[in-house]
Amino acid sequence: MLPARRRINNRSNGRGLSHAEAHRCCPFDALPAPTASVDYFPMRSYVHGSRVGSRVNVYGVDFDPLHEKDVIRHVVTELAAGRGGQIVTPNVDILRLTRRDRESRAHVESASLVVADGKPLVWASQIAGRPLPARVPGSDLIWSLSAALAEQDRSVYLMGGAPSTPSRAGQVMRSRIPQLRIAGHLSPPFGFDTQPEQLDEVCATVAAAQPDLVFVGLGFPKQERVIARLRPLLPRAWFLGCGAAIGFVAGVHRRAPRWMQLSGLEWAHRLASEPARLMRRYVVQDLPFALELLAVSARQRLHLRPEAPADRGEGGPDEPVQAGGPH
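Here the residue index of a chain counts from 1 through its sequence in written order. Whole-chain, interface and lining totals are the exception, using all residues; otherwise, since this is a predicted model, local features are given only for residues with pLDDT of at least 70 and side-chain atom pairs are given and counted only at 80 or more. No hydrogens and no water enter the side-chain calculation; it runs on all heavy atoms of the structure.

Draft legend 1. Just the overall build of the protein chain, in detail. Here a strand is any run of E in DSSP of at least two residues, a helix any run of H or I of at least four, and the numbering for each starts at the N terminus. Helices and strands together make up the secondary structure of the protein chain, namely 13 helices and eight strands. Among the 327 residues that make up the protein chain, the fraction classed as buried is 49%. Sequence-distant contacts in the protein chain: of pairs separated by 6 or more residues, those separated by 24 or more amount to 74%. Computed with the Shrake-Rupley method and a 1.4 Å probe, the accessible areas treat only the protein chains shown as cover for residues. Carbon and sulfur atoms provide 53% of the accessible area of the protein chain, an area that totals close to 16500 Å². Any residue under 20% of the maximum accessible area for its type is buried, any over 50% is exposed, and the rest in between are partly exposed; the area is computed with a 1.4 Å probe on protein chains only. In what follows, residue pairs with any heavy atoms lying within 4.5 Å of each other are defined as contacts.

Printed below as a string of structure tokens:
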């Protein structure tokens, strides 16, 4: 295989990713070759949705403390081993729903990887003293995972958005990642998930394309319900519920500037773009919950403080405690 940098157009002119863009999307040099051993990635395997290993609990939800590059390498390695899976990227709104809705919680708990899409969740973990290493938004993963799969000669499928949105997103992705294989795209009719025949037809269409990775942008938890139906049909594929990411790629919606993403203000940009639809969710429901989340995290941090050292007698703070002393 040619070095990754040579396989991508080195001019950012709409025909391919520049070197800097390519490495910002995906650490290609760190990816295994298509024939690499499945033991390449040191993280323990996640089989059939069960997550093993050290996790970070944020207000009752277990998160995998991973960087974006770790998620990419894990997905590539699992695909090479013939194992499928699902990524869920909770933000404040999804975390709020998991606290109140059993179905939402079940969707998150059944995922193979759970990473934080939302700065407040990272802040909360830091305040609580068990920090998540980074925010890993679905709107970034749609690019970095696609770039990584293109290097492995694998395919992606785009589902969700208004008519023509997923097809337009596919065109944009191919223009920036020319070697990417698009297995298909679909904009399901409104309400299809409540009509058994339509849902079966949609799932059969996606399964027939045999993609390696399916991006489902229908909003939480609707997209997770569809993924739950698709996973048994495509046991070797990976799935990402990516919300508005397909629309961002297609240019239907404009993502917040980078500085707003880094400062945790991406929600404000979304609110300004769609105030009628998002005002209640973001301001009435999510903002109070975010403040509650940070307050709870602060109380958890206080409980983690070490106890005051025991009285060491007259020897001073540096004098060692005698072996027979109190413990």
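Draft legend 2. Quick look at empty space enclosed by the protein. A 1.4 Å probe that fits but cannot get out identifies a cavity on a 1 Å grid over protein atoms alone, an open set with protein on both sides within 12 Å along at least five of seven lines counts as a pocket, and a residue lines either if it has an atom within 4 Å of a point. Grid points are joined across faces, edges and corners, and a volume is the space filled by probe spheres set on the points. Within the structure shown, the criterion is met by one cavity of 30 Å³ or more. The wall of the largest cavity is formed by Val56, Asn57, Val58, Tyr59, Ala124, Ser125, Ala128, Arg130, Ser297 and Gln300. Those elements that place two or more of their residues in the lining of the largest cavity are strand 1 (56-58), helix 5 (119-128) and helix 13 (275-304). Under this grouping Gly is polar, as are all residues other than the nonpolar Ala, Val, Leu, Ile, Met, Phe, Trp, Tyr, Cys and Pro and the charged Asp, Glu, Lys and Arg. Tallied by class, the residues present in the lining of the largest cavity amount to five nonpolar, four polar and one charged.

Draft legend 3. Representation of a nonpolar patch on the surface in the model. Patch membership is restricted to residues that have no salt bridge and whose relative accessible area is over 30%. Joining uses 9 Å for like charges and 5 Å for the nonpolar side chains Val, Leu, Ile, Met, Phe, Trp and Tyr. Basic side-chain nitrogens of Lys or Arg form a salt bridge, by our definition, when they fall within 4 Å of a carboxyl oxygen of Asp or Glu. Together, Met279, Val283, Val284, Leu287 and Leu291 give the surface a local cluster of nonpolar side chains, amounting to about 420 Å² of exposed area. Along the chain, Leu287 turns up in helix 13.

Draft legend 4. Spatial organisation of the sheet that holds strand 3 (residues 85-88). Pairing is parallel across the open sheet formed by six strands, whose spatial order is 4-3-8-7-5-6. Looking along the sheet, the strands with just one partner apiece sit at the ends: strand 4 (113-114) and strand 6 (181-186). By the convention used here, strands pair only if DSSP detects at least 2 bridges between them. Where strand 7 (residues 213-216) lies against strand 8 (residues 238-241), four bridges are found, and the strand directions are parallel. For Leu213, the partnering residue across the bridge sits in strand 8 and is Trp238. Across the sheet, helix 2 (residues 68-80) lies against strand 3, strand 4 and strand 8, angled at about 145° from strand 8, the strand it touches most. Inter-axis angles, ranging from 0 to 180 degrees, are taken between N-to-C directions of lines fitted to C-alpha atoms, where helices are fitted over the stretch in contact.

Draft legend 5. Spotlight on helix 3 (residues 92-100). Those residues of helix 3 that sit buried are Val92, Asp93, Ile94, Leu95, Arg96 and Thr98. Near the N-terminus of helix 3, the side chain that reaches the backbone nitrogen of Asp93, with its oxygen 3.1 Å away, is that of Asn91. Pairs of N or O atoms within 3.5 Å make up the polar contacts considered here, provided that, within protein, one atom can donate a hydrogen while the other can accept it, and that residues adjacent in sequence are counted only when both atoms are side-chain atoms.

Draft legend 6. Fine view of the packing of helix 2 against helix 6 (residues 138-151). Running from amino to carboxyl end, helix 2 crosses helix 6 at an angle of 45°, the nearest separation of the two axes being 10 Å. Viewed along their axes, helix 2 and helix 6 adopt a mutual orientation that is oblique. The way helix 2 lies across helix 6 gives a crossing that is right-handed. On the side of helix 2, the interface is formed by Glu68, Val71, Ile72, Val75, Val76 and Leu79, while helix 6 contributes Asp140, Leu141, Ser144, Leu145, Ala148 and Leu149. Class assignment for the residues of the contact of helix 2 with helix 6 results in nine nonpolar, one polar and two charged. If an angle is under 35 degrees, it is roughly parallel; if it is over 145, roughly antiparallel; if it lies from 65 to 115, roughly perpendicular; otherwise it is oblique. Here a crossing is called left-handed whenever its near helix is offset anticlockwise from the far helix by less than a right angle, and right-handed whenever the offset is clockwise.

Draft legend 7. Structural context of helix 5. Every buried residue of helix 5 is accounted for by Pro120, Leu121, Val122, Ala124, Ser125 and Ala128. Looking one or two residues past helix 5, Gly129 carries a phi angle of roughly 90°, positive in sign.

Draft legend 8. Structural context of the packing of aromatic side chains. Ring geometry is summarised as follows: Phe, Tyr and Trp rings, the Trp one being its six-membered ring, pair when their centres sit within 6.5 Å, and such pairs are stacked at plane angles under 30 degrees, edge-to-face over 60 and tilted between the two. For the structure shown, the criterion picks out one aromatic pair. With 5.7 Å between their ring centres and 20° between their planes, Tyr59 and Phe289 make a pair best called stacked. Here Phe289 lies in helix 13 and Tyr59 lies in the loop between strand 1 and strand 2 (61-63), a separation of 230 residues in the sequence. The buried category is assigned to Phe289, whose relative accessible area is 2%. Whether a charge sits over a ring comes down to the Lys NZ or Arg CZ being within 6 Å of the ring centre and within 35 degrees of the ring normal. Positioned above the aromatic ring of Tyr59, the side-chain terminus of Arg99 is 3.7 Å from the ring centre. We note Arg176 situated over the ring of Trp143; from NZ or CZ to the ring centre the distance is 4.4 Å.

Draft legend 9. A look at the pattern of salt bridges. The full count for this structure, using the stated rule, is 14 salt bridges. Note that Arg96 and Asp93 form a salt bridge whose closest N and O atoms lie 2.8 Å from each other. Taken as a pair, Arg96 and Asp93 lie in helix 3 at a separation of three residues, close to a single helical turn. Just as Arg96 is buried, Asp93 falls in that class too. Through salt bridges that share partners, Asp93, Arg96 and Asp286 make up one connected network.

Draft legend 10. Examining unusual backbone geometry more closely. For the bond running from Phe220 to Pro221, omega is 0°, close enough to zero to count as cis. Of note in this structure, Tyr59 is not a glycine but carries a positive phi near 50°. By relative accessible area, Tyr59 is classed as buried at 12%. At Asp153, a residue that is not glycine, the phi angle is positive and equals roughly 60°. Tracing the chain through its elements places Asp153 in the loop between helix 6 and strand 5 (155-159).

Draft legend 11. Quick look at the nonpolar core. Nonpolar cores are built from buried Ala, Val, Leu, Ile, Met, Phe, Trp, Tyr and Cys residues. Side-chain atoms within 4.5 Å join them into one set. Within the largest apolar cluster, 35 residues are counted, with the highest numbers of intra-cluster contacts made by Val71, Ile87, Ile142, Leu145 and Phe215. Per-element tally for this core: the top contributor is helix 6, with eight residues. Those residues in contact with Ile142, other than ones at most four positions away along the chain, are Leu158, Met173, Phe215, Leu240, Ala245, Ile246 and Val249. Ranked by size, the runner-up nonpolar core spans 22 residues in total, among them Val61, Ala111, Ala116 and Val296.

Bear in mind that shape data such as this cannot, by itself, settle questions of function.
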